[in-house]
Amino acid sequence: MDNIYDKYHISHIINASGKMTILGGSRLSEEVCEYMKFGANHFFEIKDLLNKTGDYLAQLIGVESAYIVNSASGAIAQSVASCISKGNIQDILHPYNFENKKREIVICKGHNVDYGTPIELTISLGGGKIIEAGYANRCTLEHVQSCINENTAALIYVKSHHCVQKEMPDIQSFIQLAHQNQLPVIIDAAAEEDLLKYYKMDGDIIIYSGTKALEGPTSGLIIGKKAFVEQIKKQSLGIGRVMKIGKENILGLVHAIECYLQHQHSTLEQQIQRLEPFNKKINQINGLSARCVQDEAGRLIIRSEITFLNGNALEIVQKLKEGKTKIYTRDYHANEGKIEIDIRDVTDHELDIIYEKIATIMKG
Ligand SMILES: *Cc1c(COP(=O)(O)O)cnc(C)c1O
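From a predicted model like this one, the values you see are computed outputs, not experimental measurements.

Can you walk me through the domain arrangement of the chain in this structure?
The assigned domain composition of the chain is domain 1 (4–24 + 265–362) and domain 2 (43–262). The distance between the C-alpha centroids of domain 1 and domain 2 comes to 32 Å. Listed by partner, the interface residues are eleven residues for domain 1 and eleven residues for domain 2. Of the roughly 970 Å² buried where domain 1 meets domain 2, counting both sides, 47% is carbon and sulfur surface. For the domain 1 face of the interface with domain 2, the top three residues by lost area are Lys19, Ala297 and Arg299, together amounting to 51%. On the surface where domain 1 and domain 2 come into contact, there are one salt bridge. The tally of links between domain 1 and domain 2 comes to four residue pairs in polar contact (both at pLDDT 80 or more). Across the side of domain 1 that touches domain 2, the residue classes tally to four nonpolar, three polar and four charged.

Spelled out as structure tokens, the structure:
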């Protein structure tokens, strides 16, 4: 095979930033690639493949219903469309018939985030009219309740590090409030790790990205209550068509989830053990201080947090991306002089390269 990087004149990437869509999500295992290869080389009745793989996953995960789509974004748009059309073919085929007013989707203002695209745009794509509850830094259940009326079609809760974390309703009470109002809740858990948590909290439609924690190909996973998932399936006759998933990615995701559920995840201790020698070396560099920190959204991820005591972290981040191999770090706090090294998709050899490059930059 050609050298892809040379052929298209593109850079080598070391991904120490986490599961970033702009870098292509996850590194896929050989095993997952084999399932994808089988998918690529064979034919299936796609509807049957989607139904049966969904049933298989539902049983494997231990939920009522599951369904594979092209991405978490596609899942959000189709879930919204299905909460509005409720399986009615006229509404499925005319998702933007605004004479039907029952299309309001209530979201906490602090959850109306941009994950690469604004979630409000994804909701609009499904025909939803976004109604923000509360304020950027504070939203109570009372705020949410005051937004619910006869035009409300669903509520959406975004569980993500992108969101405002404080002073927002907890997910359990949010779900209860929706159900007290006889309304469904869509949960955007795109990058979350626990496939049962929100289902057990009685969430109706729970959405995961296939290529984040699950380490699958570009895809999305919907789990939830059968009645809702069946309505979402019908979107393949409507907006679902412009966001269809390929057979190779369907098979790849199913196997990625099998691996995900079987493999013991690396424990917090194991991650710390891997990071400690790296931190120790970083701490010997003048002007740097490194320590292990846990993911700020509470996921079981340990990262190295490097503080630049007198340098400009933003400048370092820029320099790490210079040269033949670009190093991407996690830079949400670079403006406060801190960057994070996420090692989930970094090999030991790449971790050495990261150290060398930081050391070289700091020397001069
Ligand atoms: C990544 C992400 C998405 C989109 O997931 P895709 O599978 O890339 O479409 C949606 N919501 C949140 C909160 C995300 O982090």
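Before we go on, may I ask you to explain the site of the ligand in this structure?
Every residue lining the ligand is accounted for by Thr21, Ser71, Ala72, Ser73, Tyr115, Val158, Ser160, His162, Asp188, Ala190, Ser209 and Lys212. At a separation of 2.9 Å, an oxygen atom of the ligand approaches a polar backbone atom of Ala72. Lys212 places a side-chain nitrogen or oxygen 2.8 Å from an oxygen atom of the ligand. Split by residue class, the shell around the ligand holds four nonpolar, six polar and two charged.

I keep staring at the sheet that holds strand E9 (residues 288–294) and nothing clicks. Help me out?
By way of backbone hydrogen bonds, the strands of a sheet pair with one another, either parallel or antiparallel. Strand order across the open sheet formed by three strands is E9-E10-E12, with antiparallel pairing between neighbours. The open sheet is flanked by E9 and strand E12 (338–341), the only strands paired with a single partner. Averaged over all adjacent pairs, the angle separating strand axes in this sheet is 30°, with direction ignored. For E9 and strand E10 (residues 302–308), the ladder comprises seven bridges, and the chain directions are antiparallel. Bridge pairing links Ser289 to Thr307 in E10. In this fold helix H13 (residues 313–320) packs onto E10 and E12, with an angle of close to 40° to the strand it touches most, E12.

Reading the values: rules and limits
Residues numbered from 1 in each chain as written. Predicted model: local features only at pLDDT ≥ 70, side-chain atom pairs only at ≥ 80, totals over all residues. Heavy atoms only, no water. Domains from an automatic or database assignment. Contact = heavy atoms within 4.5 Å. Buried area = accessible area lost by both parts, 1.4 Å probe. Salt bridge = Lys/Arg side-chain N within 4 Å of Asp/Glu carboxyl O. Polar contact = N/O pair within 3.5 Å; in protein donor to acceptor, adjacent residues only side chain to side chain. Nonpolar A, V, L, I, M, F, W, Y, C, P; charged D, E, K, R; others polar. Near = heavy atom within 4 Å. Pairing = 2+ DSSP bridges. Helix = DSSP H or I, 4+ residues; strand = E, 2+ residues; numbered from the N terminus. Axes fitted to C-alpha atoms, helices over the stretch in contact; angles between N-to-C directions.

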